[in-house]
Structure formats: structure tokens, C-alpha cells
Amino acid sequence: MPILLFLIDTSASMNQRTYLGTTYLDIAKGAVEIFMKLRARDPASRGDRYMLVTFDDPPYGVKAGWKENHATFMSELKNLQASGLTTLGNALRAAFDLLNLNRLVSGIDNYGQGRNPFFLEPSVIITITDGNKLTHSSGVPDELHLPLNSPLPGSELTKEPFRWDQRLFALVLRLPGAAVPDSEQLGSVPSDESAITQMCEVTGGRSYCVRTQRMLNQCLESLVQKVLSGVVINFEKTGPDPPPVGEDGLVDPARPLSSFSPQPWHSCHKLIYVRPNPKTGVPVGHWPIPESFWPDQNSPTLPPRSAHPVVRFSCVDCEPMVIDKLPFDKYELEPSPLTQYILERKSPHMCWQVFVNCSGKHSDVAQPFGYLKASTTLTCVNLFVMPYNYPVLLPLLDDLFKVHKLKPNLKWRQAFEIYLKSMPPYFLPPLKKALRMMGAPNLISDNMDCGLSYSVISYLKKLSQQAKIESDRMIVSVGKKPPQETGIKVKNHSSTLSLAHRRDFKQLLQGITGEVPLRLNDVNFKEFAGFQIALLNKDVKPQAYRNAYDIPRQNLLDQVTRMRSNLLKTTQKLIRGQDEDYLHSIPVGQMGNYQEYLKMMPSPLREIDPDQPKRLHTFGNPFKQDKKGMMIDEADEFVTGPQNKKRANPGEPSSGSAPKRRRSMSPLLRRPQTPPIITNHVLGKGPTVVSNQHGLIKPIPLHKDLKVKFDWPP
């Protein structure tokens, strides 16, 4: 499952506009979306994980990490704003720490036990920046420096901050501000000359100097092709060069040797492809690449390893060795000067052995663990990883099955024991597994140790627990917003009360404005503790002692009015700096958000009369009452039950048809036949008749202050 981490430059220089009319930050956001659309064409992109990191100070720079979904990633991407410094070193360190968060917990690095290429988390870091000068709070550095101190436990076990399955690519935006004639020709995009280029090359990636939109699209298509599963290895030549060959692939003694001058293929820093299993989608392998040290059981610690193993190859031709049923690992090399040189020799049966220095029991001896060999079709070069010192092991296993028929004699056992002692102990588990697959499971005893001391094993377990705690802490911190700027802190050196706390504060202000004579006794005009200027724009963060140049010109007069109102209205209950109209001005999108307003309201007090009908808090009319508890005028016909029920007369069967609603004339508009006896002209206070039958009409009281006047007949 590839991890695609986008590191976006959010410094203030990304606000500069290009000839397209958009800012660099807008182009960076669009580039991410274009990349995702191009990547979606590949069926393997279903397992991609996207992360987003900016140049904000840690831990606020991580916008989307391990737990955030795609919707959160896109939302954070759209909300990015360019402000701040170009702290590229700190941002790169934060990106690498985010990727390395779970490696110690999962044991993917396998420290001290060999390097397994099939244990990997392929990651591609794509940095989009403008390539301007690096800035820091302490100055403008000339070179790119990554912080050495990392909060991640176990970071001291690797010399570099990155790992061998993590590559860095950079899109350096160099789009001009004015349109230029379109004279470019599509071809290879050159690398940039900024400080990040060297860092990209160290990790096995590269940088792109982007000058036009068409060039940017070309770079994005190239980056999509770089999303591959593999690890980076340093291949270095040891010993003399091979004899030159002619065009027919045969050795040409007439051609001079070129071993005295360094060639590009002598040292290559390239990727080997680790193909996943087509059935399971997970890479499968058997043999590790040896460590550059011999594990000592008496050593309390592990020496730090380099991120990329240094694999040396000898140019002495040898025959490839393979026996039946013995597993081996095959990795294809990325095209490089080394692969080109091997393919030009046109010898598919030739192979060069590979070594790792200081991997043997004696530091001056290193045994081969595989070989480089061209494919039979001469289209690529493969790295074959075999058991350690395979030229000794393979003949022994061949004799075991063909000569001894799985019943070895004493001489064979002695030779096999000598081989096991010369092999790094971390090769024992895969060798036992391979022998079990071949049908010889009892050749290696189970009591043989892996080679690490007890202190190292306990230290690695402790680091794993600490890494789990740090992982949980960092995951929780993802998405947090940086705190608002508190402004300039001014210390109050005076022990007297501030002018704002004086009882005669209003009289002092009137004296300052000239309304009354000013008394200068015990007046300190420089003391305004905690004074702030309130702005109309909510997006502008308030700061104490704000610079007047931060206020827009069209708002200066309004701001002076607010300052005067803030000073003179000392007993006002409203918020300082806001008038009555401004308090009720909210965005249109938030006008219907009544539920959030209810959440902020304090819990209501209990009702004095518990029998009083409860009010329904509905948006638009919070004083609306529950109709079930209301009294309805008995002259009106109001059906409170279901519509298919009607008032039943005694002795009549219930009918299923719904009655028609008919509203009779109000008693205020019709003349009654007999004068009713009314003891109280205020309706609602007298006795009311309530029927106990279901579905009957209930009377409702009118307003208690409403008095009804009747016209009696003469």
C-alpha cells in the first residue's frame, strides 16, 4: 500500500502571482488534484494512503496523517493559506517522523536481524515549493539542515532521518509573473538548483524545475510513474573492471581497460523493484540482505545503520548456481548506468557476485549473498538474493539430496557445522524454513540463538512501547490549529493601578479631551494594561498595542470611532468595540443553526408550576405551546386524534370514514337564543367542562385579559 505524502510550502512567498493570474499556492493545490486524478487510472491506486504536511511549526504542520480519511485530506488542502517562513528543514523532519511513526511498533526495520526488502512501506514524498531562500526565526540559512533531535523513539538506530523505502521528489515552481513566448519543447525537465535538490538525490528521488503549466503537467505524469514498490540500494564496484567486449559481446583484448578513471556505473544509487504477490498483493521473500556488522551477544547496544545498504559487486564472471527446491529472491534493478553497462556486454549467462562489507564473522572477510545477472532477453538486470555464502552451502545441499539421500555422514555434518558458524545467526530462521520446504527439517537444532544479546532485545522492546505511546500522542495532535497570536507582551513595571481601574477614570478622560481642567497629579498616560483594538474583520486576530498600519485605510475612521466608544462607555454591558447592530450580524450560512445556539445556553430553571404545559423550543417561535395541552374553544370543532376517527354517538357503530372538518361561527358573531349565566366575564378562570371520552373536543381558554361583551336582546 503506497503512501503519498504531499509537503506543501505555505510560506508567505507562495502568495506571489504568476502569468496565469493565480498564486503559487493555488497552483500547488491544483497540482495535487491533478496528480490524484492521474494516479486514479492505475488499479493499484485503491490502496493508496494520502498525507498532507505544511511548513507550519510542529505539530501543527501535519494536516492529514494516518487516521484521516480522503474527505479530511481534501478539506485541509483547500483551506491552506500561505503565511509564515520557509522552514523547509523542520517540515522535512516532521514528514519523515510521520512516516516512521509505526515502524518500530510493527518491527518492519528488523534492526540487527538483516534487511528484508519484502518488509517495506513504499512512500513517496512530493514537495511543492517556490525554491526561494530558506528562512528561519533566527536568520536566513544558506544550506538545508534537518534537525538532529527527533521526538521519535529509536531514531538513533538509523543515521539518516529517512528509510530505504522512502523517496523525496520536489516540484520547484519557477513560473514567471509575466507571460513569455511559448518556445519550449517537450522533453526531459531539468533539475532545479535549490537546496532541496541534493536532499532529493540522497533519498533516490529528484527535483523538477517547473516554468510553465504544460511543464507542470508533464512532471506530474512522470511522478505518477515513480510510485513503485521498492527499496533504494547503493551499488559500488570492488576490484578491477571486467575485460572490454566488442560489439558481438565477445572479449576484445585490443580495447584498453578504463579502470583508472571512475565511470558512472562504478557507483549507482538506485531502486530495486519489490513486486507484490499477484494473489495476495503483499511482497513475499525469503532471504535478508546482510547487516554491515557481526551481531555480538556481548554488545549492549546496536551500531546505527545507514538508511541505504552499501552492496558491493565484483566484476569477476562466475556461473549462476541454483538447485532444485531451494528458494531464492529475484529483484529487478531500476534503469541506471550500471544496468546499461551490463546489458551492453550481451552476456545473459554472466553474473557478478555481491557482498556487504563487515558482514562476516571476521571484519576483513565478506562472503557473497547473491549476484547480479542480466535477463535472458537482455531487457533488464536482476539482483538474485541467496543464502549467505551460497557457493559453500549449495554444493553441501546438493550432496545431501543426491549422494547421501538425506542420511549425511560425519564428514558432511562437520562441514555443515563449519558453514553454520561462519553464517550470520539471523540467517538461521530462513534457512530452517527453506530446509523444511526441501524435506530436511531436522538438520538445524532449535536451540541455536539469533545472535542478539538480552540487553539489546529488551532495549528494542522498550523502544517499541515508547514508539506506541508517541504514535498515539502524535495521532491525537494531527489537525489541531495553532494558537492565536497573543500580540506584543508589555510588562507592567509600575505598582500603581492602571487608569482603567481608577474610579475617576471618566473624569480623567474628560480632562484629556479638554471638557474639564486636567489634573496631572498621579496620572500615568503610558499605562493601559491589556488594552486591545477591536477590528471589524473577524479574520484579523486581535493583538495588544496593534500597529496602526495593520488597519485598512477605509476602516480608519470607523476604527477611531470604536476606540472612542471603547474608552468612554466604561459601564456598557455589551462587548467592547461592538455596537448593537454588529452583535446581531451573522453570516447567512449560520442563521439557521439554532441547535448550536441552544447548546451554548445555560440549563433552564425548573418550572414553578409542574402542571403547566411545557413549551416546545422550535426555531422561529420558541414560545409555541404544545397543542395537546392547550384549551380549545368548545364552539370550534377540532379533531385531536387520528383523521379516521370521529365523534361516536351512543348506540351507533363506529364508522371508518373520516368526518369532514367544519368550523362553526364564532360565538362573538352570533346571537344566542337564551342569555347564558356568566359569573365571570373573563373566560378561562371559570369552571370548564372536559369530557373523558377519547376524541372529544376540549375547550381552550382565551387570553386572560380579554373581556367578552354580549348584546342582550331588548
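Residues numbered from 1 in each chain as written. Predicted model: local features only at pLDDT ≥ 70, side-chain atom pairs only at ≥ 80, totals over all residues. Heavy atoms only, no water.

As named in an unreviewed UniProt entry, the protein chain is VWFA domain-containing protein, taken from Pygocentrus nattereri.

## A few points about the nonpolar core
By size, the foremost hydrophobic cluster in this structure holds 59 residues, and its most contacted members are Phe235, Phe313, Leu338, Leu372, Leu383, Phe416 and Leu431. Of all the elements, helix α8 (residues 390–402) adds the most residues to this core, at six residues. Once residues lying within four places of it in the same chain are set aside, the contact partners of Phe313 are Phe235, Glu236, Lys237, Thr238, Trp265, His266, Leu338, Trp352, Gln353, Val354 and Leu372. Counting residues in hydrophobic clusters, the runner-up holds 38 residues, among them Leu25, Ala28, Ala64 and Ile128. (Core = buried A, V, L, I, M, F, W, Y, C linked by side-chain atoms within 4.5 Å. Buried < 20%, exposed > 50% of the residue type's maximum accessible area, 1.4 Å probe, protein only. Helix = DSSP H or I, 4+ residues; strand = E, 2+ residues; numbered from the N terminus. Contact = heavy atoms within 4.5 Å.)

## As for the pattern of salt bridges
Across all of its chains, the model carries 15 salt bridges by this definition. Notably, a salt bridge pairs Asp56 with Lys63, separated by 3.3 Å at the nearest N-O pair. Given the relative accessible area of 8%, Lys63 is considered buried. We note a salt bridge from Asp398 to Lys402, for which the minimum N-O separation is 3.3 Å. Here the residue Asp398 and the residue Lys402 both occupy positions in helix α8, the gap between them amounting to four residues, near one helical turn. Given the relative accessible area of 27%, Asp398 is considered partly exposed. Bridged by salt links that share partners, the residues Arg103, Asp109, Arg163 and Asp165 form one connected network. (Salt bridge = Lys/Arg side-chain N within 4 Å of Asp/Glu carboxyl O.)

## A short note on the packing of aromatic side chains
Aromatic ring pairs are reported here in terms of the distance separating the ring centres and the angle at which the planes meet. Enumeration over the complete set of coordinates arrives at 18 aromatic pairs. Chaining the aromatic ring pairs together yields one cluster made of Phe6, Phe35, Tyr50 and Phe73. Positioned above the aromatic ring of Tyr208, the side-chain terminus of Arg206 is 4.1 Å from the ring centre. (Phe/Tyr/Trp six-rings, centres within 6.5 Å; stacked < 30°, edge-to-face > 60°. Lys NZ or Arg CZ within 6 Å of the ring centre and 35° of its normal.)

## Some points on the pairing of strand β4 (residues 123–129)
The buried fraction of β4 is high, at seven of seven residues. The pairing of strand β1 (residues 3–8) with β4 spans six bridges and is parallel. Residue pairing for β4: Leu5 is matched across the bridge by Ile125. As paired elements, β4 and strand β5 (residues 166–173) share seven bridges and run parallel to each other. If you follow Thr129 over to β5, its bridge partner there is Val172. (Pairing = 2+ DSSP bridges.)

## What about the packing of helix α1 (residues 24–39) against helix α2 (residues 70–78)?
In a packed pair of helices, the relevant descriptors are the angle between the two axes and the axis-to-axis distance. Packing of α1 against α2 leaves a shortest axis separation of 10 Å and a crossing angle of 155 degrees. In terms of orientation, α1 lies roughly antiparallel with respect to α2. Between α1 and α2 lies a crossing whose hand is left-handed. Between α1 and α2, the residues in contact are Lys29, Val32, Glu33 and Met36 and His70, Phe73, Met74, Leu77 and Lys78, respectively. (Axes fitted to C-alpha atoms, helices over the stretch in contact; angles between N-to-C directions. Parallel < 35°, antiparallel > 145°, perpendicular 65-115°, else oblique. Left-handed = near helix turned anticlockwise from the far one by under 90°.)

## Side note on α8
Look at α8: 18 Å from first C-alpha to last across 13 residues, which is about the 18 Å you get at 1.5 Å a residue. Among the residues making up α8, those that are buried are Tyr390, Leu393, Leu394, Leu396, Leu397 and Leu400. Angularly, the buried residues of α8 cover 165 degrees about the axis, an arc narrow enough to put them on a single face. (Expected span 1.5 Å × (residues − 1). Arc of directions from axis to C-beta.)

## What about unusual backbone geometry?
Positioned with a positive phi, Asn110 is a non-glycine residue whose angle comes to about 55 degrees. Along the chain, the position of Asn110 falls in the loop between α4 (103–106) and β4. A relative accessible area of 22% places Asn110 in the partly exposed class. One non-glycine residue, Cys358, lies in the positive phi region at around 65 degrees. Looking at the secondary structure, you find Cys358 in the loop between β11 (351–355) and β12 (370–374).

## Regarding a nonpolar patch on the surface
A surface patch of nonpolar side chains, amounting to about 310 Å² of accessible area, comprises Ile586, Val588 and Met591. Within the secondary structure layout, Met591 lies in the loop between α14 (580–583) and α15 (594–600). A relative accessible area of 47% means that Met591 is categorised as partly exposed. (Patch = residues over 30% accessible without salt bridge, like charges linked within 9 Å, V, L, I, M, F, W, Y side chains within 5 Å. Areas by Shrake-Rupley, 256 points an atom, 1.4 Å probe, with all protein chains shown as cover.)

## Remarks on the sheet that holds strand β7 (residues 230–238)
Strand pairing in a sheet takes place through backbone hydrogen bonds and is either antiparallel or parallel in direction. With mixed pairing, seven strands are arranged side by side around a closed barrel as β7-β8-β10-β13-β12-β11-β9. Along the sheet, successive strands turn relative to each other by an average axial angle of 35 degrees, direction set aside. As defined by bridge partners, β7 adjoins strand β9 (residues 310–314) across five bridges and the pair is classed as parallel. Pairing of Asn234 across the sheet is with Val310, part of β9.

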